[in-house]
Amino acid sequence: MRKREVGHTFLARIGKKRLRPGGKKATEWLISQGNFSSDTNVLEVACNMGTTMIDLVKRYDCRVTGVDVDKHALAKAKKNIEKHHLEEKVTVVQANAMKLPFPDHSFDVVINEAMLTMLPNEAKEKAMKEYYRVLKKGGKLLTHDVMLTKSDEVVVDQLRQAINVRVQPLTQQDWQQRLEASFQHTSVISGPMTLLSPIGMIRDEGIIGAVRIIKNALKKENRPMFLQMFRLFRSKKDVLHFIAICSEKK
Ligand SMILES: C[S@@+](CC[C@H](N)C(=O)[O-])C[C@H]1O[C@@H](n2cnc3c(N)ncnc32)[C@H](O)[C@@H]1O
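Our subject in this report is the structure included herewith. (Residues numbered from 1 in each chain as written. Predicted model: local features only at pLDDT ≥ 70, side-chain atom pairs only at ≥ 80, totals over all residues. Heavy atoms only, no water.)

### Thoughts on unusual backbone geometry
Turning to step 1, where the next piece is worked out: The residue Asn 35 is not glycine, and still its phi comes out positive at about 50°.
Turning to step 2, where the next piece is worked out: Within the fold, Asn 35 resides in the loop between helix 2 (23-33) and strand 1 (41-45).
Turning to step 3, where the next piece is worked out: Positioned with a positive phi, Asn 48 is a non-glycine residue whose angle comes to about 50°.
Turning to step 4, where the next piece is worked out: Positionally, Asn 48 belongs in the loop between strand 1 and helix 3 (51-60).
Turning to step 5, where the next piece is worked out: The class for Asn 48 is buried, based on a relative accessible area of 14%. (Helix = DSSP H or I, 4+ residues; strand = E, 2+ residues; numbered from the N terminus. Buried < 20%, exposed > 50% of the residue type's maximum accessible area, 1.4 Å probe, protein only.)

### Side note on the site of the ligand
Turning to step 1, where the next piece is worked out: Inspection of the region around the ligand gives 16 residues, with Arg 20, Ala 46, Asn 48, Asp 68 and Ala 97 positioned closest.
Turning to step 2, where the next piece is worked out: The separation between an oxygen atom of the ligand and a polar side-chain atom of Arg 20 is 2.8 Å.
Turning to step 3, where the next piece is worked out: Between Ala 97 and the ligand, the recorded distance is 2.9 Å, taken from a backbone N or O atom to a nitrogen atom.
Turning to step 4, where the next piece is worked out: Split by residue class, the shell around the ligand holds eight nonpolar, three polar and five charged. (Near = heavy atom within 4 Å. Polar contact = N/O pair within 3.5 Å; in protein donor to acceptor, adjacent residues only side chain to side chain. Nonpolar A, V, L, I, M, F, W, Y, C, P; charged D, E, K, R; others polar.)

### Some words on the packing of aromatic side chains
Turning to step 1, where the next piece is worked out: A full pass over the atoms with the stated rule returns four aromatic pairs.
Turning to step 2, where the next piece is worked out: Where Phe 102 meets Phe 107, the ring centres are 5.3 Å apart and the plane angle is 90°; that geometry is what we call edge-to-face.
Turning to step 3, where the next piece is worked out: With a relative accessible area of 14%, Phe 102 lands in the buried category.
Turning to step 4, where the next piece is worked out: With 5.9 Å between their ring centres and 15° between their planes, Phe 226 and Phe 230 make a pair best called stacked. One end of the pair, Phe 226, and the other, Phe 230, are both in helix 9 (residues 223-235), four residues apart, so they sit about a helical turn from each other.
Turning to step 5, where the next piece is worked out: On the basis of relative accessibility, which here comes to 23%, the residue Phe 230 falls in the partly exposed class. (Phe/Tyr/Trp six-rings, centres within 6.5 Å; stacked < 30°, edge-to-face > 60°.)

### Quick look at a positive patch on the surface
Turning to step 1, where the next piece is worked out: A surface patch of like charges, here positive, comprises Lys 17, Lys 58, Lys 76, Lys 83 and Arg 212.
Turning to step 2, where the next piece is worked out: As for its position among the elements, Lys 17 is in the loop between helix 1 (7-13) and helix 2.
Turning to step 3, where the next piece is worked out: Taking relative accessible area as the criterion, Lys 17 reaches 42% and is therefore assigned partly exposed. (Patch = residues over 30% accessible without salt bridge, like charges linked within 9 Å, V, L, I, M, F, W, Y side chains within 5 Å. Areas by Shrake-Rupley, 256 points an atom, 1.4 Å probe, with all protein chains shown as cover. Salt bridge = Lys/Arg side-chain N within 4 Å of Asp/Glu carboxyl O. Lys, Arg positive; Asp, Glu negative; His and termini not counted. Charge placed at Lys NZ, Arg CZ, Asp CG, Glu CD.)

### Examining the pairing of strand 5 (residues 135-148)
Turning to step 1, where the next piece is worked out: Strand 5 sits mainly inside the fold: 11 of its 14 residues count as buried.
Turning to step 2, where the next piece is worked out: The sheet contact formed by strand 4 (residues 107-113) and strand 5 spans six bridges and is parallel. Across the sheet, Val 110 pairs through a bridge with Leu 141, a residue of strand 5.
Turning to step 3, where the next piece is worked out: Note that the unit made of strand 4, helix 5 (residues 121-134) and strand 5 has a crossover that is right-handed.
Turning to step 4, where the next piece is worked out: One ladder, built from nine bridges, connects strand 5 with strand 8 (residues 240-249); its direction is antiparallel. Bridging across to strand 8, Asp 145 finds its partner in Ile 243.
Turning to step 5, where the next piece is worked out: As judged from the two bridges shared by strand 5 and strand 6 (residues 170-171), these two strands associate in the parallel manner. Bridge pairing in strand 6 links Met 147 to Leu 170.
Turning to step 6, where the next piece is worked out: On the question of chirality, the crossover connecting strand 5 to the parallel strand 6 by way of helix 6 (residues 153-163) is right-handed. (Pairing = 2+ DSSP bridges. Right-handed = clockwise from strand over helix to strand, strands pointing away.)

### Focus: the packing of helix 2 against helix 3
Turning to step 1, where the next piece is worked out: Remark: helix 2 packs on helix 3, axes separated minimally by 13 Å, with the N-to-C direction vectors making an angle of 45°. By the angle class used here, helix 2 and helix 3 are oblique. Taken as a pair, helix 2 and helix 3 cross one another with a handedness that is right-handed. Two secondary-structure elements touch here, helix 2 through Thr 27, Glu 28 and Ile 31 and helix 3 through Thr 52, Asp 55, Leu 56, Arg 59 and Tyr 60. (Axes fitted to C-alpha atoms, helices over the stretch in contact; angles between N-to-C directions. Parallel < 35°, antiparallel > 145°, perpendicular 65-115°, else oblique. Left-handed = near helix turned anticlockwise from the far one by under 90°. Contact = heavy atoms within 4.5 Å.)

### A word on the pattern of salt bridges
Turning to step 1, where the next piece is worked out: Under the counting rule described, the total for this entry stands at 14 salt bridges.
Turning to step 2, where the next piece is worked out: Ionic pairing is found between Glu 205 and Lys 16, a salt bridge with its closest N-O pair at 2.8 Å. Of the two residues, Glu 205 sits in helix 8 (residues 198-217) while Lys 16 sits in the loop between helix 1 and helix 2, which places them 189 residues apart along the sequence. Considered together, Glu 205 and Lys 16 belong to a single accessibility category, that of buried residues.
Turning to step 3, where the next piece is worked out: Across the pair Lys 89 and Asp 61 runs a salt bridge whose closest N-O atoms are separated by 3.4 Å. One end of the pair, Lys 89, is in the loop between helix 4 (71-83) and strand 3 (90-94); the other, Asp 61, is in the loop between helix 3 and strand 2 (63-68), with 28 residues separating them in the sequence.
Turning to step 4, where the next piece is worked out: Take Asp 61: its relative accessible area is 41%, and that puts it in the partly exposed class.

Shown next as structure tokens:
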């Protein structure tokens, strides 16, 4: 029997390219806050297969460095970068968000989607300190995570079981307070999670992509995990939201 995968590895295997709670809509909002240009030096933490890095370079011709702890995801990112002939603009490095292998004041923008939620709160703080350290003064931190509309340990437990990760999502106030401890909070949006909603899937993956994902999801070996996630997100849609925050280094 296949070892139970973590949620994002499962979703990537069945064809999902955007593995974040608020999907493309939240990412687009973050990008609109980043003042991207061809001069922007970007770090993407938790880049996974490289979807956002490739999009940023195509749109802005900026330089991007991507890090992730998962070497299989990085191998996929390298393939995708080669497929788009972007090797000169994008570099990937296996590294942990809590110990980034870059000097202080290196980047104009750090983007980090759907990862801090996965870390215990102490580890979140370590990662945030690293983002602060590697950002230039005035640099932007763009984060996107799961947000609880109210504290609810039962739902958090159900989420942990469904995605097989000991996630620790926070309320809006808690996310903002943690970031504002070192960053200047500038702007925030939040809303219902769209990761597996029909409209979110179509917006994130296109109609053909969404149909392919659903076909894979309904295969016998994938159906139980997909349905557990899908049903939880739908039944707890009032509690499980996304949050995107643009913060600035003072
Ligand atoms: C839910 S996926 C999100 C991937 C991508 N950012 C996206 O939005 O599609 C979480 C990613 O975080 C990575 N990750 C988890 N803990 C990490 C850490 N401490 N440092 C760097 N990457 C980490 C995982 O390997 C995975 O690729």
